[in-house]
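Here are the chains, one letter per residue:
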Amino acid sequence: MKQLTIALAKGRLMDETIELLNKKGINIDYETNSRKLIFESKDTSIKFFIVRAQDVATYVEGNGADLGVAGLDVLTENKKDVFELMDLGIGKCSVVVAGKSSNYPDTPTQLKVATKFVNIADEFFAKKGMAIEIIKLYGSIELAGLIGLADCIVDIVSTGQTLKENGLCVIEEIMKSSAFLVANRVSYYTKNKEIARLLDLLK
Ligand code: PRP
């Protein structure tokens with residue numbers, strides 16, 4: 001059996017992925033406080049790389065990892081040439097438009113939209129025929145809607161707690177998202193047996 005490499009995004013999704021793998025019989029001993037970027041399953045059949053969520057598909061596309069676990073939101077935003085093998089049913093959230101009220105505000109100029117999902121937002125508003133100005137941010141997107149840097153935001157909602165605590169409401173849902181297992185196109189064939197075994201376990 002060849003060893004598989006899997007890129008994981010550090011954070012909530014990685015914890016959920018490790019929990020899922022442990023439940024399915026792939027035992028992983030990972031210390032949450034560790035600064036190590038590489039670790040292995042106990043049976044050494046899988047080596048894990050810790051990367052940023054936005055970089056998972058880049059590693060997989062570039063053959064830096066055979067497989068990766070990434071949210072459909074991020075995969076849609078950064079279109080990469082990878083196989084989407086399986087919806088893991090974890091990391092569930094929605095990409096939404098949110099603002100101070102549940103309607104789009106009237107603005108004399110173009111609607112200012114703050115987001116890190118520039119492509120998703122662009123495409124969504126283009127389909128609606130609404131001209132917008134994007135304000136690209138990297139985090140704490142809700143703040144931009146709250147203090148008026150933008151008229152509305154496009155961001156992910158999971159529990160809804162962040163919107164609620166910042167007095168924002170959902171205006172429209174753009175897409176639902178969950179975590180997908182993705183594969184490098186070459187590895188999918190060269191490590192077919194190993195990948196099939198993993199898919200079988202995860203079913
Ligand atoms: C994400 C997202 C929201 C929050 C939504 O932020 O951008 O802020 O989670 O989750 P909730 O609906 O459960 O409150 P993340 O923690 O990834 O940090 P960020 O500010 O870097 O986007």
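The following paragraphs examine the structure supplied in this document. (Residues numbered from 1 in each chain as written. Predicted model: local features only at pLDDT ≥ 70, side-chain atom pairs only at ≥ 80, totals over all residues. Heavy atoms only, no water.)

1. Here's the deal with the sheet that holds strand 2 (residues 38–40)
So the rule is basically this: At least two DSSP bridges between two strands are needed for those strands to be called paired. A run of H or I in DSSP counts as a helix once it spans at least four residues, and a run of E counts as a strand once it spans at least two, with each numbered from the N terminus. Convention adopted: a line fitted to C-alpha atoms gives each axis, helices being fitted over their contacting stretch, and angles between N-to-C directions are expressed from 0 to 180 degrees.
One open sheet holds the six strands; their spatial order is 2-3-1-4-11-5, and the pairing between them is mixed. The sheet is open, and its two borders are formed by strand 2 and strand 5 (83–87), each paired with just one other strand. In this sheet, neighbouring strand axes are inclined to one another by 30° on average, regardless of whether the strands run parallel or antiparallel. Strand direction decides the pairing type here: strand 1 (residues 4–9) and strand 3 (residues 46–51), joined by six bridges, are parallel.

2. Observations regarding the packing of aromatic side chains
To describe a pair of aromatic rings, one takes the distance between the centres and the angle between the planes. Spelled out, the test is: Only centres within 6.5 Å qualify two rings of Phe, Tyr or Trp (six-membered ring in Trp) as a pair; their planes then separate them into stacked at under 30 degrees, edge-to-face at over 60, and tilted for everything else. Accessibility here uses a 1.4 Å probe with only protein chains present; expressed as a share of the type maximum, an area under 20% marks a residue as buried, one over 50% as exposed, and anything in between as partly exposed. Criterion for a charge above a ring: Arg CZ or Lys NZ at most 6 Å from the ring centre, at most 35 degrees from the ring normal.
Within this structure, the stated rule accounts for seven aromatic pairs. Ring geometry for Phe 83 and Tyr 188: centres 5.0 Å apart, planes at 65°, overall edge-to-face. On the criterion of sequence distance, the pair formed by Phe 83 in strand 5 and Tyr 188 in helix 7 (residues 187–190) is long-range, its members being 105 residues apart. Tyr 188 sits in the partly exposed class, given a relative accessible area of 25%. Measuring from centroid to centroid gives 6.1 Å for Tyr 104 and Phe 125, while their planes differ by 75°, and the two rings are edge-to-face. Of this pair, Tyr 104 sits in the loop between strand 6 (93–99) and strand 7 (111–115) while Phe 125 sits in helix 4 (residues 118–128), and the two are 21 residues apart along the sequence. Relative accessible area serves as the criterion here: at 0%, Phe 125 is assigned to the buried category. Taken together, the ring pairs in this structure connect Tyr 30, Phe 39 and Phe 48 into an aromatic cluster. Between the NZ or CZ atom of Arg 185 and the centre of the ring of Phe 83, over which it lies, the distance is 4.2 Å.

3. Focus: the pattern of salt bridges
The following threshold applies: When a carboxyl oxygen of Asp or Glu is within 4 Å of a side-chain nitrogen of Lys or Arg, the pair counts as a salt bridge.
Counted under the stated rule, the structure contains seven salt bridges. In this structure, Asp 66 engages Lys 191 in a salt bridge whose closest nitrogen and oxygen atoms are separated by 2.8 Å. Within this pair, whereas Asp 66 is found in the loop between helix 2 (56–61) and strand 4 (67–71), its partner Lys 191 is found in the loop between helix 7 and helix 8 (192–202), the two being separated by 125 residues in sequence. Residue Asp 66 is classed as buried on the basis of its relative accessible area, which comes to 5%.

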